[in-house]
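This is what each chain is made of:
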Amino acid sequence: MLLNVLWIVVGVVLVLWGADRLTEGAVAVAERLRVPQIVIGLTIVALGTSMPELCVSVVSALKGTPDLAVGNVVGSNIFNALLIVGVAALVAPMTILRSTVFKDVPCALVASVVLLMMCQNDWVITRLDGAILFVFFLDNLVLITGIDLRNFSSTYRTLHKL
């Protein structure tokens, strides 16, 4: 029991240290690429902060504890939307971009509704459902970053030069 508590404390300390490094790195990338910080937040930072959730959910699914996998994602979304935004706003009021309110928040709501609909199909999220969710994720990533897939090779060359 004591060893488990120690591992939790060590994990929290490493997460805090990693969050600081992630924030500094994300701001530097945003400035270097001359892209809005919201884009970096919705991509690099979101991906970085979601990696522990991905690992927990995959390991949970492999170990036959899918409730932990789904609960991890749902709980994290509730935690992020209510506690994290709430505490951050208590510390310093936040101005939200119009595009966030009318584009990004609806995408999050649609993702939640799609997941809810999939869960109600015999209460099983199948591999096909997983593939559909992954395609929605890629679509959202293209929407957020503004990558023009018709002209992807020139976009890649431009980013590669940076």
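Source: prediction; values computed, not measured.

Asks: Lay out the packing of helix H1 (residues 2-33) against helix H2 (residues 37-62) in plain terms, naming residues and giving numbers.
Replies: The N-to-C vectors of H1 and H2 enclose an angle of 145°; their axes lie 10 Å apart at closest approach. Between H1 and H2 lies a crossing whose hand is right-handed. Here Leu22, Ala26, Val27, Val29 and Ala30 of H1 come into contact with H2, specifically with Gln37, Ile40, Ile44, Val45, Gly48 and Thr49. Classifying every residue of the contact of H1 with H2 by side-chain character gives eight nonpolar, three polar and no charged.

Asks: Can you explain helix H4 (residues 98-119)? Please cite residues and give values.
Replies: Taking 1.5 Å of rise per residue, 22 residues should cover 32 Å, and H4 covers 31 Å from first to last C-alpha, within 8% of that figure. Listed in full, the buried residues belonging to H4 are Thr100, Asp104, Val114, Met118 and Cys119.

Asks: Tell me what's going on with the confidence of the model for the chain, and back it up with residues and numbers.
Replies: Per-residue confidence for the chain gives a mean pLDDT of 80; residues scoring 70 or more make up 88%. At the level of individual helices and strands, the chain shows its lowest average pLDDT in helix H6 (residues 152-161), which scores 52, and its highest in helix H3 (residues 66-91), which scores 85.

Asks: Could you give me a rundown of a nonpolar patch on the surface, with the residues and numbers involved?
Replies: The grouping of Leu3, Leu6, Trp7, Val10 and Leu14 at the surface amounts to a nonpolar patch, some 530 Å² of accessible area in total. Along the chain, the position of Leu6 falls in helix H1. Taking relative accessible area as the criterion, Leu6 reaches 47% and is therefore assigned partly exposed.

The rules we used
Residues numbered from 1 in each chain as written. Predicted model: local features only at pLDDT ≥ 70, side-chain atom pairs only at ≥ 80, totals over all residues. Heavy atoms only, no water. Axes fitted to C-alpha atoms, helices over the stretch in contact; angles between N-to-C directions. Helix = DSSP H or I, 4+ residues; strand = E, 2+ residues; numbered from the N terminus. Left-handed = near helix turned anticlockwise from the far one by under 90°. Contact = heavy atoms within 4.5 Å. Nonpolar A, V, L, I, M, F, W, Y, C, P; charged D, E, K, R; others polar. Expected span 1.5 Å × (residues − 1). Buried < 20%, exposed > 50% of the residue type's maximum accessible area, 1.4 Å probe, protein only. pLDDT = per-residue confidence, 0-100. Patch = residues over 30% accessible without salt bridge, like charges linked within 9 Å, V, L, I, M, F, W, Y side chains within 5 Å. Areas by Shrake-Rupley, 256 points an atom, 1.4 Å probe, with all protein chains shown as cover. Salt bridge = Lys/Arg side-chain N within 4 Å of Asp/Glu carboxyl O.

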